[in-house]
Amino acid sequence: MARVVLERDAGEPLSTGTTGHFRSAYRVSVTETTHQQHEGGARSQEYRLARTSLRGLRQDLFDDPFAYDRLPPRHTDGPFVRRLPGRLRSDARYLPHAVVGAIAFIALVVGSVGGSLPGGDLPALLSGVLCALPVLATLVRPVGAFWMSLAATPLVAFVNGDGWDWPWMPGAFVCHLAVMVVVALRTRPRTAVWMWVLTAVYSFLADAFFGGTYYSTNGGPMLVTSAFALLVVCLWHIRQTARREVTAQRTVTAHERSRRTLLEERTTIARELHDVVAHHMSVVAIQAEAAPYRVENPPEELERAFATIRENAVAALTELRRVLGVVRAEDYEAPDAPQPTLADLDALLANVREAGLAVDKAVTGAMRELPPGVELSAYRIVQEALSNSLRHAPGATARVEVSYVLGGLGLRVVNTAVPRNTLVKPSPGAGHGITGMRERVSMLNGEMTAGPTDDGGYEVAVFLPVAADRSEDEA
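How each quantity is defined
- Residues numbered from 1 in each chain as written.
- Predicted model: local features only at pLDDT ≥ 70, side-chain atom pairs only at ≥ 80, totals over all residues.
- Heavy atoms only, no water.
- Helix = DSSP H or I, 4+ residues; strand = E, 2+ residues; numbered from the N terminus.
- Buried < 20%, exposed > 50% of the residue type's maximum accessible area, 1.4 Å probe, protein only.
- Contact = heavy atoms within 4.5 Å.
- Areas by Shrake-Rupley, 256 points an atom, 1.4 Å probe, with all protein chains shown as cover.
- Polar contact = N/O pair within 3.5 Å; in protein donor to acceptor, adjacent residues only side chain to side chain.
- Salt bridge = Lys/Arg side-chain N within 4 Å of Asp/Glu carboxyl O.
- Expected span 1.5 Å × (residues − 1).
- Core = buried A, V, L, I, M, F, W, Y, C linked by side-chain atoms within 4.5 Å.
- Pairing = 2+ DSSP bridges.
- Axes fitted to C-alpha atoms, helices over the stretch in contact; angles between N-to-C directions.
- pLDDT = per-residue confidence, 0-100.
- Phe/Tyr/Trp six-rings, centres within 6.5 Å; stacked < 30°, edge-to-face > 60°.
- Parallel < 35°, antiparallel > 145°, perpendicular 65-115°, else oblique.
- Nonpolar A, V, L, I, M, F, W, Y, C, P; charged D, E, K, R; others polar.
- Arc of directions from axis to C-beta.

Moving on: the overall build of the protein chain. Of regular secondary structure, the protein chain possesses 13 helices and 7 strands. Relative to its full complement of 475 residues, the protein chain shows a buried share of 29%. Counting only contacts in the protein chain whose residues sit at least 6 apart along the sequence, the fraction spanning at least 24 positions is 69%. Surface summary for the protein chain: the accessible area is close to 30300 Å², and the carbon and sulfur share equals 60%.

Here it is as structure tokens:
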């Protein structure tokens, strides 16, 4: 940080009412500040690099090194394992465990007979056990096994006394090399680098301070051999990571391709549906508008009927364009008309009455504003239920009940049975209307029942949950 000097400007004349404290100025040496900031930035970068490295060392080898981490069974979907019979394929899951056990046995044998002691006495057996335990520990505590191997190396040398190799006796050499390879396979490349660095530090310190009584040192062979082995393991890690990334990218690409194909199919269907339905609905609207002019002095009821037909056809075209806008091309612009709500329910009922269905409405509970999704779904459910009554129960009467309750909104649309003397035949239906209503209700986590009534009619009952407003609860 730059040194700031507070001094008085003697060359500036004193003004009336101005004290020396307020005439003081902060003077900073620009050259010194720039030089110090440059040095501080360089030091900070090196400091951050060293701090990051030490943090990685602490995370990999010092943070809970003896944490339990069991070696999981291997997958049996490999190209070689899949060709094995059923029992061998099941046993192949524990092939890595068997390999580690075999290496531990080799370390036990080499540690027992590879030193300066006879192979059958107790110290030789103790040396072999010290070499085998770290290898077995890699199955459950991999990082701890590395520290065990590093600690067992001088113990094995102490038990064997004077020998030909230092600092790694033959058993310790096999043990430490195997432990580093297994731990590197089970962790990540950064851990392998830190293990090799600590091994090099131990080799240097052992040769520098305690290697005088031994004939030769094998620190160099250990470092070279372990470097090649860990390099192969790191390359394997990189290959596996690249394979996973390629697999993930292929999955994403396949998903995007499937999604694009689906959008193209939906767009094609939307265009075809629009071309077919819009054409016929346009013809209906034009014919309904022109029909009254073809009759001399048409009755007022006939003119209103044709006007209602034309209005319904135009409204259907508008709704069709709005719905198909969801599945059309990206350059399609949906109309800006607001979505219908329960406030538009009276207009819907009036339209249905003009179409010939006698319908009543009953509202219970305190009316309140509901979320837009609930309002729209409720309106569409009532609209679809009344449309089903028009198609499948001509001549019947219907009733719409809207209940504002504490936990949500209740809807009930019921129609009576079809009169026997009606001249209009019910339209056959495929049941898509009920399916659409169920999808809307399921989207809002609601409940719905639909089925015939005891008197031969049909009833649709829906409950749409609505979360209580906190302001209303507090009031």
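Moving on from the coordinates now.
Take the side chain of histidine 176 next. Inspection of the secondary structure puts histidine 176 in helix α6 (residues 170-186). Looking at histidine 176, the relative accessible area reads 0%, which means it is buried. Here threonine 199 takes part through its side chain, which lies 3.0 Å from a polar atom of the side chain of histidine 176. Discounting residues that sit within four places of it in the chain, histidine 176 has contacts with Phe146, Ser149, Leu150, Trp168, Thr199 and Met222.

Pairing is possible between side chains that carry opposite charge, provided their charged atoms lie close to one another. Taken as a whole, this structure holds 9 salt bridges when the rule is applied. Taking the shortest distance from any N to any O, the salt bridge between arginine 304 and glutamate 300 comes out at 3.2 Å. You can see arginine 304 and its partner glutamate 300 sitting in helix α9 (residues 300-324), 4 residues apart, about one turn around the helix. With a closest N to O distance of 3.1 Å, glutamate 401 and arginine 412 form a salt bridge.

Okay, α6 next. Taking 1.5 Å per residue as the helical rise, α6 with its 17 residues ought to reach 24 Å, and the 24 Å between its terminal C-alpha atoms agrees with that figure. Counting buried positions along α6 yields 13 of 17 residues, so the element is predominantly enclosed.

Core analysis: the largest hydrophobic core is formed by 38 residues, its most contacted members being Leu61, Val135, Phe146, Val179 and Met195. Listing elements by their share of this core, those giving two or more residues are α1 (30-62), α3 (95-113), α4 (122-137), α5 (142-160), α6, α7 (189-210) and α8 (219-290). Per-element tally for this core: the top contributor is α6, with 8 residues. Other than its neighbours up to four places away in sequence, phenylalanine 146 contacts Leu61, His176, Val179, Met180, Met195, Leu198 and Thr199.

As for its placement among the helices and strands, asparagine 218 is situated in the loop between α7 and α8. Residues contacting asparagine 218, with those up to four places away along its chain left out, are Asp165, Trp166, Pro167, Trp168 and Phe173.

Here we have 5 strands laid out as an open sheet, ordered β3-β4-β5-β7-β6, and mixed in their pairing. The open sheet has two edge strands, β3 (358-364) and β6 (447-452), and neither has a second partner. On average, each strand axis in the sheet is inclined to that of its neighbour by 10°, with strand direction left out of account. Pairing analysis gives 7 bridges linking β3 to strand β4 (residues 397-405), with the strands arranged parallel. Each residue of the ladder has a partner; that of alanine 362, found in β4, is glutamate 401.

Time to look at the confidence of the model for the protein chain. Looking at the protein chain, the pLDDT average stands at 79 and 77% of residues meet or exceed 70. Low pLDDT, under 50, characterises residues 470-475; the stretch is placed with 2 contacts to residues that sit more than four places away or in other chains.

Attention now goes to the environment of glutamate 459. On the secondary structure map, glutamate 459 appears in strand β7 (residues 458-465). Taking the C-alpha atoms as reference, glutamate 459 lies 9.8 Å from serine 389; in sequence the two are 70 residues apart. If we skip the residues at most four places from it in the chain, glutamate 459 touches Arg412, Val413, Val414, Thr449, Ala450, Gly451 and Thr453.

What follows concerns the packing of aromatic side chains. Applying the stated criterion across every chain yields a total of 3 aromatic pairs. Judged by centre distance (5.4 Å) and plane angle (65°), the ring pair of phenylalanine 146 and tryptophan 147 falls under edge-to-face. With a centroid separation of 5.5 Å and 70° between ring planes, the pair formed by tryptophan 168 and tyrosine 202 is classed as edge-to-face. Of this pair, tryptophan 168 sits in the loop between α5 and α6 while tyrosine 202 sits in helix α7, placing them 34 residues apart in sequence. Tyrosine 202 shares its class with tryptophan 168; the two are buried. Through a chain of ring-to-ring contacts, three or more aromatic side chains come together here, namely Phe62, Phe146 and Trp147.

Turning our attention to the environment of glycine 410. Tracing the backbone shows glycine 410 in strand β5 (residues 408-415). Looking at glycine 410, the relative accessible area reads 13%, which means it is buried. Separated by 52 residues in sequence, glycine 410 and valine 462 place their C-alpha atoms 5.8 Å apart.

Axis angle and axis distance: for two packed helices, these are the angle between their axes and the distance between the axes, and together they describe the pair. It is at 11 Å that the axes of helix α10 (residues 345-354) and helix α11 (residues 372-392) come closest, and there the two elements cross at 10°. By the angle between their directions, the pair α10 and α11 is classed as roughly parallel. Every residue of α11 that contacts α10 at Leu345, Leu348, Leu349 and Val352 is listed here: Tyr379, Val382, Gln383, Leu386 and Leu390. Along the lines of polarity and charge, the residues of the contact of α10 with α11 split into 8 nonpolar, 1 polar and no charged.

All right, on to unusual backbone geometry then. Within the chain, aspartate 64 stands out as a residue other than glycine whose phi angle is a positive 50°. With respect to the element layout, aspartate 64 can be found in the loop between α1 and α2 (86-91).

Moving on, we come to α3. Here α3 spans 27 Å end to end across 19 residues, near enough to the 27 Å set by a 1.5 Å rise per residue. Listed as buried for α3 are Val100, Ala104, Ala107, Gly111 and Ser112. Across the axial projection of α3, the buried residues extend over an arc of 120°, all falling on one side. Seen from the buried face of α3, the exposed residues on the opposite side, beyond 90 degrees, are Phe105 and Val113. Structurally, α3 contributes buried residues whose contacts are with α4 and α6.

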